[in-house]
8 protein chains.
Amino acid sequence: MNPLVGIIMGSDSDLKIMESAAEILKQFNIPFELSIVSAHRTPKRMVEYASSAYKRGLKVIIAGAGGAAHLPGMVASLDTLPVIGVPIKSSNSIDGWDSILSILQMPNGVPVATVALNAAKNAGILAAEILAISDESLTKKLVAFKNNMKEEIEKKNGKLEK
Amino acid sequence: MNPLVGIIMGSDSDLKIMESAAEILKQFNIPFELSIVSAHRTPKRMVEYASSAYKRGLKVIIAGAGGAAHLPGMVASLDTLPVIGVPIKSSNSIDGWDSILSILQMPNGVPVATVALNAAKNAGILAAEILAISDESLTKKLVAFKNNMKEEIEKKNGKLEK
Amino acid sequence: MNPLVGIIMGSDSDLKIMESAAEILKQFNIPFELSIVSAHRTPKRMVEYASSAYKRGLKVIIAGAGGAAHLPGMVASLDTLPVIGVPIKSSNSIDGWDSILSILQMPNGVPVATVALNAAKNAGILAAEILAISDESLTKKLVAFKNNMKEEIEKKNGKLEK
Amino acid sequence: MNPLVGIIMGSDSDLKIMESAAEILKQFNIPFELSIVSAHRTPKRMVEYASSAYKRGLKVIIAGAGGAAHLPGMVASLDTLPVIGVPIKSSNSIDGWDSILSILQMPNGVPVATVALNAAKNAGILAAEILAISDESLTKKLVAFKNNMKEEIEKKNGKLEK
Amino acid sequence: MNPLVGIIMGSDSDLKIMESAAEILKQFNIPFELSIVSAHRTPKRMVEYASSAYKRGLKVIIAGAGGAAHLPGMVASLDTLPVIGVPIKSSNSIDGWDSILSILQMPNGVPVATVALNAAKNAGILAAEILAISDESLTKKLVAFKNNMKEEIEKKNGKLEK
Amino acid sequence: MNPLVGIIMGSDSDLKIMESAAEILKQFNIPFELSIVSAHRTPKRMVEYASSAYKRGLKVIIAGAGGAAHLPGMVASLDTLPVIGVPIKSSNSIDGWDSILSILQMPNGVPVATVALNAAKNAGILAAEILAISDESLTKKLVAFKNNMKEEIEKKNGKLEK
Amino acid sequence: MNPLVGIIMGSDSDLKIMESAAEILKQFNIPFELSIVSAHRTPKRMVEYASSAYKRGLKVIIAGAGGAAHLPGMVASLDTLPVIGVPIKSSNSIDGWDSILSILQMPNGVPVATVALNAAKNAGILAAEILAISDESLTKKLVAFKNNMKEEIEKKNGKLEK
Amino acid sequence: MNPLVGIIMGSDSDLKIMESAAEILKQFNIPFELSIVSAHRTPKRMVEYASSAYKRGLKVIIAGAGGAAHLPGMVASLDTLPVIGVPIKSSNSIDGWDSILSILQMPNGVPVATVALNAAKNAGILAAEILAISDESLTKKLVAFKNNMKEEIEKKNGKLEK
């Protein structure tokens, strides 16, 4: 099945964070692709990736990066797809602030949908919410997912009360 | 026409920021509604608003708030629509940090698509990008919008070189 | 005995912090209840919990949460009881700043009595101080508690001087 | 009528912020006293003030201070009343961070109920919530106050929709 | 004369800061060019600019940008010239932190020579220092420039002592 | 010999940091005393300590504290001796910011000579520098101390060059 | 009379802050000198100034600087006098953080007695406290100064109570 | 061969970070020297080092330091060579902020080319880029270095896709 979501990251060291995005998409049965595309080390590949994303049928891009995290914003500047940015607290990051601010504070005209630090799972859920706009079955899965979260808390509460 | 985007904000003092979201949606010809829904002053109205949003045909919610900005996250917890959060630098805010972190740092399971401080215009563009997934004509408008930005820079460059 | 203090937290992972509140209330012989109520995963349960708290005889609510910590503020918006907020430094928190600012920076009209990062013990003591306003025996226990702290320091000082 | 709430502040320059606490207490008909008590310039007066507060019939102390704001914490260490701390963004403050952290981050054993930066109004409301524990008429006033906030938002919403 | 330094900036609103770089280069008689190249609004122009810079004879690039400031880092990734980054405190910037961290915290392999917030003048001086490595006459000018700074302070000191 | 320097700290857990102050004073042969004096747990003892310090012959006070660190400032408000404040990064501190700002940002009229985070050794050296003003032999020891630091670096340099 | 205190600053733009140090020294009748000594623009003059300070009879140095504020620390490294550092919030400073951290966070062996942001007045008082160690008449003046502060607050309190 | 780059650091504990600069220079076959020069412990040696650097044939200086990191800025003030500053996150540093701001925020007239926290490797690459301005063979090595980075990512991508 053609991938609808492209998950990209600046370095293979980001994979341990970004695979949570892949896992949740699998859980929602959304086809995706996963690659390393570095804004700084493979800038031309990044331009090609972003420029061809729409034509290749991608609907949403999830981009994770740490430090001076330029990947999500650059990809957003190169296409018209919604881009979800995942700030990653890499080694030598300044507590994640660098990566959060580099992704979040985009100028007028080029938004990046930023999620919490290291929150690749939430990036995956947000992608599902976006795709659900034109896919009712996905909305049902999201409703079930939310019910499940609720029930887990209720179970834990049951244990706690004992 | 039925609104596709709901723009909400915690206080009428946020309107001067949030109206940029409305303007850009108008520019893209996307029907929207605009209301004040305060997580802290009208919590039950907020629950109703969010719980009925899907049924009322909304596809995306844009929520702006300042300080301990709970509106975007609470609305995200109450429905399955993509919620775009706009951190607002209100008076007595601590340089906007409070509102950014209150909106961005959502727990696993409940994402908010956060944009830059005061960036309501980008929230509107992001909503357009999301809706464009199932509306090709909107993609074309976004392409035109990006071309227009490019041309404006080129014009300014022309002036500068003189 | 009917609980006077409700201790709630957003996740069972917060329990290791929040149980210090329970311990100090036990020490002061104040009846309390303990539950997991997540603003984001069980928002409707949270509304019910807060809306019924006064009727159920609760006098003070202690709410702990990490990250984009909306629980204390939302509970404060839903009742008129004093709400004590405990910012928790959860994993992926940005050094606790997110949780502090999300709890502290409440808008005019809806205060949260915020204590230090992870300071659930102090939340319990503050609850005791609040209840002591109409319970002189509790004031005596608080005086004894303070004397005890003083004496411990004096003992440590004795050792140090040797 | 004997004051139930003591409002103190470190300097007369804090008065323009702290008078919001006085106003809201007046609105709730709660008797209060207002004085300047500086931890650093009148430390002995501060010790006397705090040590005699309980005997003089005070039930709650609201203490506002800026910069290295020691007043709320020192007063909390000298009595067993609930102390509400108001961080004030004074001139030469570092964006209010100094005053927030000096008030909030109290050690175990000595809590200060901290409210938002400059939020003296919320300090007054919190004092009312605390006193309402043993005064049902005050609870009714708080319910009315909250309803009023809700209605104001609804009115503004009505205007906005036009 | 062929420009040796390329001064670029993300927006014409950055010009009031960046013209200090131009002024100091003029003062040192170093030929330069000045253009608006936006990483986010003209990404392909940026790729062309950076890719052709070496061939066109540029020796140093000075790039200024605010907010999520990707221009300096992206240009550095696209050529092998030394790139000097000027963080600019634009409107809606978070006190300049976003722009500093987006420029400074580049990953291993792609350095940006970052100067202080808004310090376009220092960027120009640094460019002169770099060019002086193979141009002794420039070193002499830099020595004179430093002497001049010293003498100005001595003059001011003379006045002060009176 | 009568102590000239009083080293105090808010808790015995601060001892592992503060003993470096004691060690350096020993090294300079300056008589000192060491005690636990908590601003928050033994406020009255603190008042007595500070009020009697001058009469007891102390010349300098070194006060270390973490979190909402009120000890140095309160002691400074209670006497006219120079007070050196050592911010300590205690557990649950917010990276030391709380303790630095609580000690440093004293209001006009009541200075605290603040040293770096955890820098009790430097507090001891500063005390020696202060006492050296009227004790030439101490100046000589300080000169020797500085020479020693220089020589150690030269030795390390020697090793490095091999 | 021979100056006992040297007040230095990095730039004449710092004078409007640093003159408060001069004023308070005048008030205490302490002879002082005032000069501009820039660590970065007159580094050799700075070395001479600091190296000769002790011989010229200076007892204390007060050094104010903004941004990357190296003057206090460098002067401290070049002599054995107590050096009081005044962080100045200059234009283009990042809210004063740069100057605070550059002055405060000195390495082991070379302390700087740092006072609050812009707190040149407190630097002057601290210098007086240091000189008072061997000058009882100065201690008396400091006691009077503190009494005066106390009385001013009492007067303001009197007004407030009316 | 005469060293072209001088690598200096404030303390031997910085060596584990700074040796990455040396390694990359070796890889590019650029002759360098390595020494410990402390702004605070060997200030006069620092003055000599910087004052003689140009005459000794150095073209670029790389200076690493932690905490109140004055070495890069002081060296920049003492010569006209380009100085690359490496902020180091030393123990007791405040998350690296102190060292970043002390190096970056230099006043007008005296730039330091600052690289990311702990990024000594990037300092080495930047030195190579600077030297490449008048050494075409070095430019070729830099192009090869960048190609190599690109290929490594492509290899990792190949693995990932399997």
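Please refer to the structure placed before this passage.
Residues numbered from 1 in each chain as written. Chains lettered and ligands numbered in written order. Predicted model: local features only at pLDDT ≥ 70, side-chain atom pairs only at ≥ 80, totals over all residues. Heavy atoms only, no water.

Digging into the relation of the copies chain C and chain D
In step 1: Rotating chain C by 180 degrees and translating it 0.0 Å along the rotation axis places it on chain D, where the RMSD comes to 0.0 Å. Here the transformation between the copies is reduced to the relation of a two-fold axis.
In step 2: The residues that chain C uses at the interface reappear at the interface of chain D in 100% of cases, marking a shared surface. (Least-squares fit on C-alpha atoms with pLDDT ≥ 70 in both. Contact = heavy atoms within 4.5 Å.)

Some remarks on the relation of the copies chain B and chain C
Copy one and copy two of the chain differ by a rotation about an axis and a translation along that axis.
In step 1: Its rotation angle being 180 degrees, the transformation that places chain B on chain C also includes 0.0 Å of axial translation and leaves an RMSD of 0.0 Å.
In step 2: By residue overlap, the copies meet face to face through one surface: 100% of the interface positions of chain B are interface positions in chain C.

So, a positive patch on the surface
In step 1: The grouping of Lys89 of chain A, Lys89 of chain C, Lys89 of chain F together with Lys89 of chain H at the surface amounts to a positive patch.
In step 2: In this structure, lysine 89 of chain F sits in the loop between strand E4 (83-88) and helix H4 (97-104). (Patch = residues over 30% accessible without salt bridge, like charges linked within 9 Å, V, L, I, M, F, W, Y side chains within 5 Å. Areas by Shrake-Rupley, 256 points an atom, 1.4 Å probe, with all protein chains shown as cover. Salt bridge = Lys/Arg side-chain N within 4 Å of Asp/Glu carboxyl O. Lys, Arg positive; Asp, Glu negative; His and termini not counted. Charge placed at Lys NZ, Arg CZ, Asp CG, Glu CD. Helix = DSSP H or I, 4+ residues; strand = E, 2+ residues; numbered from the N terminus.)

Brief notes about the interface of chain B and chain C
In step 1: Each side of the interface is counted separately: chain B has 28 residues, and chain C has 28 residues.
In step 2: Interface area, chain B with chain C, both sides summed: about 2100 Å², of which 70% is carbon and sulfur.
In step 3: Per-residue buried area on chain B facing chain C is highest for His40, His70 and Gln105 of chain B; these three make up 26% of the total on that side.
In step 4: Our count for the chain B to chain C interface comes out at zero salt bridges. (Buried area = accessible area lost by both parts, 1.4 Å probe.)

What to know about the packing of aromatic side chains
In step 1: The final tally for this structure, using the stated rule, is 12 aromatic pairs over all chains.
In step 2: The ring of tyrosine 49 of chain E carries arginine 56 of chain E above its face, with NZ or CZ at 5.0 Å from the centroid. (Phe/Tyr/Trp six-rings, centres within 6.5 Å; stacked < 30°, edge-to-face > 60°. Lys NZ or Arg CZ within 6 Å of the ring centre and 35° of its normal.)

Notes on the interface of chain C and chain D
In step 1: Of the residues lining the interface, 43 residues belong to chain C; the matching set on chain D comes to 43 residues.
In step 2: When the two sides are added together, the surface that chain C and chain D hide from each other amounts to roughly 3500 Å², 64% of it contributed by carbon and sulfur.
In step 3: Considering only the side of chain C, the residues that lose the most area to chain D are Thr80, Pro111 and Ile133 of chain C, jointly responsible for 19% of the buried surface there.
In step 4: Inspection of the region where chain C meets chain D yields zero salt bridges.
In step 5: Here chain C and chain D share 15 residue pairs in polar contact (both at pLDDT 80 or more) between them.
In step 6: Secondary-structure elements contributing two or more residues to the side of chain C that touches chain D are helix H3 (71-78), helix H4 (97-104), strand E5 (113-114), helix H5 (120-132) and helix H6 (136-161) of chain C.
In step 7: It is H6 of chain C that contributes the most residues to the side of chain C that touches chain D, seven residues altogether. (Polar contact = N/O pair within 3.5 Å; in protein donor to acceptor, adjacent residues only side chain to side chain.)

Observations concerning helix H1 (residues 15-27) of chain E
All names here are of chain E.
In step 1: Taking 1.5 Å of rise per residue, the 13 residues of H1 would be expected to cover 18 Å, and the 18 Å separating its terminal C-alpha atoms lies within 8% of that figure.
In step 2: Within the sequence span of H1, burial applies to Ile17, Met18, Ala21, Ala22, Ile24 and Leu25. One side of H1 holds all its buried residues, which, seen down the axis, span an arc of 165 degrees. What points out from H1, more than 90 degrees from its buried face, is the exposed set Lys16, Lys26 and Gln27.
In step 3: One or two steps after H1, the chain reaches asparagine 29, where phi turns positive at roughly 65 degrees. (Expected span 1.5 Å × (residues − 1). Buried < 20%, exposed > 50% of the residue type's maximum accessible area, 1.4 Å probe, protein only. Arc of directions from axis to C-beta.)

Focus: the pattern of salt bridges
Residues and elements named next belong to chain C.
In step 1: Per the counting criterion, the structure on display carries 16 salt bridges over all chains.
In step 2: A salt bridge links glutamate 33 to arginine 56; its shortest N-O distance comes to 3.2 Å. With glutamate 33 in strand E2 (residues 32-36) and arginine 56 in the loop between helix H2 (43-53) and strand E3 (60-66), this pair connects stretches of sequence that are 23 residues apart.

Quick word on the packing of helix H3 (residues 71-78) of chain B against H2 of chain C
In step 1: Interaxial distance between H3 of chain B and H2 of chain C falls to 9 Å at its minimum, and their mutual angle equals 110 degrees. Between H3 of chain B and H2 of chain C, the angle falls in the class roughly perpendicular. Seen from H3 of chain B, the contacting residues are Met74, Ser77 and Leu78 of chain B; seen from H2 of chain C, they are Pro43, Lys44 and Met46 of chain C.
In step 2: Grouping the constituent residues of the contact of H3 of chain B with H2 of chain C by class yields four nonpolar, one polar and one charged. (Axes fitted to C-alpha atoms, helices over the stretch in contact; angles between N-to-C directions. Parallel < 35°, antiparallel > 145°, perpendicular 65-115°, else oblique. Nonpolar A, V, L, I, M, F, W, Y, C, P; charged D, E, K, R; others polar.)

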